[in-house]
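A look at the structure
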Amino acid sequence: MTKFKLALKIFGGLIAIILLLALLVPVLYKKEILHAIKNQVNSSINGKLDFADLELSLFTHFPKLTVQIDELQLLSYVEQDTTTLLQSKQLDLELNLWNVISKSDKLDIVGFFLKEPKVHIKNYTDSISNYQVIKVSEPSESSNKQTQLMVEEYGIANGYIVMEDLNGGMTI
């Protein structure tokens, strides 16, 4: 019976350490995670992504990792015009935790939810629009593998979309 009690204590200790890490990592590394996300995204787009706050949680939708971004704003610098492409009170992402931990080529976004988004799309010419913010780069040998993006569910609450066609002089 003592081996069983010892194994139970070890198992309980491991569970306690995992729960403690799940609580502490988002709190201790919040600023680093926030800056890393902003820098990584801003270096790969023709625009600027900004947000007020970022929350990470394993407990909101366990076993999924929940990322909550508050006061999201995406500016587009396409065609030398600074347009607010997207502004949202809150963006919630539910990610498959295992894919995040294992650094898989497949990013499973289980849920994608926008609260009070304002989207402003501008078409400048037949082939250029302000939503084309991702920088085009030359393919390299290390980028031969393509990352897959899978979204299982999404939601938009209390939002609107404005579409401006500058070529045709039409606004919807």
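Presented here is an overview of the structure given in this document. Only a predicted model underlies this, so the values are computations on that prediction, with no experimental measurement involved. The written sequence of each chain sets the order in which its residues are numbered from 1. For a predicted model such as this one, the threshold for reporting local features is a pLDDT of at least 70, and the threshold for listing and counting side-chain atom pairs is 80 or more; totals across whole chains, interfaces and linings nevertheless cover every residue. Water and hydrogen atoms were dropped before computing side-chain values, which therefore reflect all heavy atoms in the structure.

A run of H or I in DSSP counts as a helix once it spans at least four residues, and a run of E counts as a strand once it spans at least two, with each numbered from the N terminus. Tracing the chain through its elements places E94 in strand 4 (residues 83-96). Residues count as neighbours in contact if any of their non-hydrogen atoms are within 4.5 Å of one another. In this structure E94 touches H61, K64, L65, T66, D108, I109, V110, G111 and F113, once residues within four positions along its chain are discounted.

Right, let's get into the pattern of salt bridges. Opposite charge on two side chains permits them to pair, given that their charged atoms come into close proximity. For salt bridges, the criterion is a side-chain nitrogen of Lys or Arg within 4 Å of an Asp or Glu carboxyl oxygen. Summed over all chains, the structure comprises four salt bridges. With a closest N to O distance of 2.9 Å, D50 and K38 form a salt bridge. Separated by 12 residues along the polypeptide, D50 in strand 1 (residues 47-50) and K38 in helix 2 (residues 30-43) bring together distant segments of the chain. To sort residues, take the accessible area from a 1.4 Å probe on protein chains only and compare it with the maximum for the residue type: under 20% means buried, over 50% means exposed, and anything in between is partly exposed. For D50, a relative accessible area of 30% translates into the label partly exposed. A salt bridge links K64 to E94, with the nearest nitrogen and oxygen atoms 4.0 Å apart. Of the two residues, K64 sits in strand 3 (residues 64-76) while E94 sits in strand 4, which places them 30 residues apart along the sequence. With a relative accessible area of 7%, E94 lands in the buried category.

Excluding glycine, most residues fall at negative phi; most peptide bonds, likewise, are trans. Here Q80, not a glycine, exhibits a phi torsion of approximately 55 degrees, which is positive. With respect to the helices and strands, the residue Q80 is situated in the loop between strand 3 and strand 4. Q80 sits in the exposed class, given a relative accessible area of 80%. Even without glycine at this site, N158 takes up a positive phi of about 55 degrees. Among the residues examined, N158 registers a relative accessible area of 67% and is labelled exposed.

We call Phe, Tyr and Trp rings a pair once their centres come within 6.5 Å, taking the six-membered ring for Trp, and we label the pair stacked below 30 degrees between planes, edge-to-face above 60, and tilted otherwise. With the rule as written, the count across this model stands at zero aromatic pairs. Should the NZ of a Lys or the CZ of an Arg lie within 6 Å of a ring centre and within 35 degrees of the ring normal, that charge is described as sitting over the ring. A cation sits over an aromatic face here: K38 above F51, 4.9 Å from the ring centre.

This brings us to the pairing of strand 2 (residues 53-61). Any two strands with at least two DSSP-identified bridges between them are counted as paired. Alignment of strand 2 against strand 3, held across six bridges, turns out to be antiparallel. From the neighbouring strand, L54 faces strand 3, where its bridge partner is I69. With antiparallel pairing between neighbouring strands as the criterion, strand 2 and strand 3 make up a hairpin whose turn holds two residues.

On to the side chain of T66, then. Residue placement: T66 occurs in strand 3. If sequence neighbours within four positions are ignored, T66 has contacts with E55, L56, S57, T60, H61, L93 and E94.

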